[in-house]
Amino acid sequence: QVQVVESGGGLVQAGGSLRLSCVASGSISVINFMAWYRQAPGKQREWVATITSDDSTGYGDSVKGRFAISRDYAKNTVYLQMNNLKDEDTAVYYCNAGLRASGSTGSYWGQGTQVNVSS
């Protein structure tokens, strides 16, 4: 059974920083990618960033230059460093992991962590 758990959310003032963490656990043999998405109230889920097994990264236009994704696959962990936060970054942030576990390949989601940015 694979579990994906996010942490690190909270309340921060505009212009501040937060670092989110996401840990995948279970009988994992390969992690192909880990990604962050977010969903603000009344809006669709939005892609934020992805990091692959070869350390390739990609970012959504709204966070480029402010957010940085990194990973420690030895710990099955991905991080999202968020700097210069804005009101519009307020959302529930979800981690998504594409991995192989117990002989099957799949995409797994965490329950999310809330980020609130106040001006």
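A quick note: this is a predicted structure, and the numbers were derived from the prediction, not measured.

Attention now goes to the pattern of salt bridges. Overall, the coordinates contain five salt bridges when judged by the stated rule. Between Arg-38 and Asp-89 there is a salt bridge whose closest N-O contact spans 2.8 Å. Highlighted residues: Arg-38 in strand β4 (residues 28-39) and Asp-89 in the loop between β8 (77-82) and β9 (91-101), separated in sequence by 51 residues. The same class applies to Arg-38 as to Asp-89, namely buried. Between Asp-61 and Lys-64 there is a salt bridge, with its nearest N and O atoms 3.3 Å apart. Residues Asp-61 and Lys-64 agree in their burial class; the two are exposed. One continuous salt-bridge network, built from bridges that share partners, spans Arg-38, Glu-46, Arg-66 and Asp-89.

Within the largest apolar cluster, 31 residues are counted, with the highest numbers of intra-cluster contacts made by Met-34, Trp-36, Leu-80, Met-82 and Tyr-93. Counting residues per element, the ones that place at least two in this core are β3 (18-25), β4, β5 (46-52), β7 (67-72), β8, β9 and β11 (113-118). Here this core gets six residues from one element, more than from any other, and that element is β9. Discounting chain neighbours no more than four positions away, the residues touching Tyr-93 are Glu-6, Leu-20, Trp-36, Tyr-37, Arg-38, Val-48, Phe-67, Leu-80, Met-82, Gly-112, Thr-113 and Val-115.

Hydrogen bonds along the backbone pair up the strands of a sheet, which may run parallel or antiparallel. Taken in spatial order, the four strands line up as β1-β3-β8-β7 in an open sheet, and their pairing is antiparallel. Bordering the open sheet on either side are β1 (3-7) and β7, each of which pairs with just one other strand. Looking at each pair of strands side by side, their axes are set apart by 15° on average, direction ignored.

Right, let's talk about the packing of aromatic side chains for a bit. Summed over all chains, the structure comprises one aromatic pair. Sitting over the face of the ring of Tyr-94, Arg-45 holds its NZ or CZ atom 3.8 Å from the ring centroid.

Next up on the list: the side chain of Arg-38. On the accessibility criterion, Arg-38 (5% relative accessible area) is buried. Engagement of the side chain of Arg-38 in a polar contact is seen with the side chain of Asp-89, the distance being 2.8 Å. Beyond its immediate chain neighbours, meaning those up to four positions away, Arg-38 contacts Gln-44, Arg-45, Glu-46, Val-48, Ser-62, Val-63, Phe-67, Glu-88, Asp-89, Ala-91, Val-92 and Tyr-93.

Conventions we followed
Residue numbering note: each chain is counted from 1, following its sequence as written. Per-residue local features are limited, in this predicted model, to residues with pLDDT of at least 70; the limit for side-chain atom pairs, both in listing and counting, is 80 or more; totals at the level of whole chains, interfaces and linings are taken over all residues. Each side-chain value is derived from all of the structure's non-hydrogen atoms; neither hydrogens nor water enter the calculation. Salt bridge criterion: a side-chain nitrogen from Lys or Arg within 4 Å of a carboxyl oxygen from Asp or Glu. Only DSSP runs of H or I with at least four residues qualify as helices, and only runs of E with at least two residues qualify as strands; both kinds are numbered from the N terminus onward. Think of it in three bands: residues with accessible area under 20% of the maximum for their type are buried, residues over 50% are exposed, and the middle band is partly exposed, with areas taken using a 1.4 Å probe on protein chains only. Only buried Ala, Val, Leu, Ile, Met, Phe, Trp, Tyr and Cys residues count toward a nonpolar core, and they belong to the same one when joined by side-chain atoms within 4.5 Å. Should any heavy atoms of two residues lie within 4.5 Å, those residues are considered in contact. Strands pair, by our definition, only if DSSP identifies at least two bridges between them. An axis is simply a line fitted to the C-alpha atoms; with a helix, the fit covers only the stretch in contact. Between two such axes, the angle follows the N-to-C directions and lies from 0 to 180 degrees. For Phe, Tyr and Trp, rings pair up if their centres lie within 6.5 Å, where Trp contributes its six-membered ring, and each pair is then called stacked (planes under 30 degrees apart), edge-to-face (over 60) or tilted (otherwise). By definition, being over a ring means that NZ of Lys or CZ of Arg is both within 6 Å of the ring centre and within 35 degrees of the ring normal. By the criterion applied in these results, polar contacts are pairs of N or O atoms within 3.5 Å in which, for protein atoms, one can donate a hydrogen and the other can accept it, and in which residues neighboring in sequence qualify only through two side-chain atoms.

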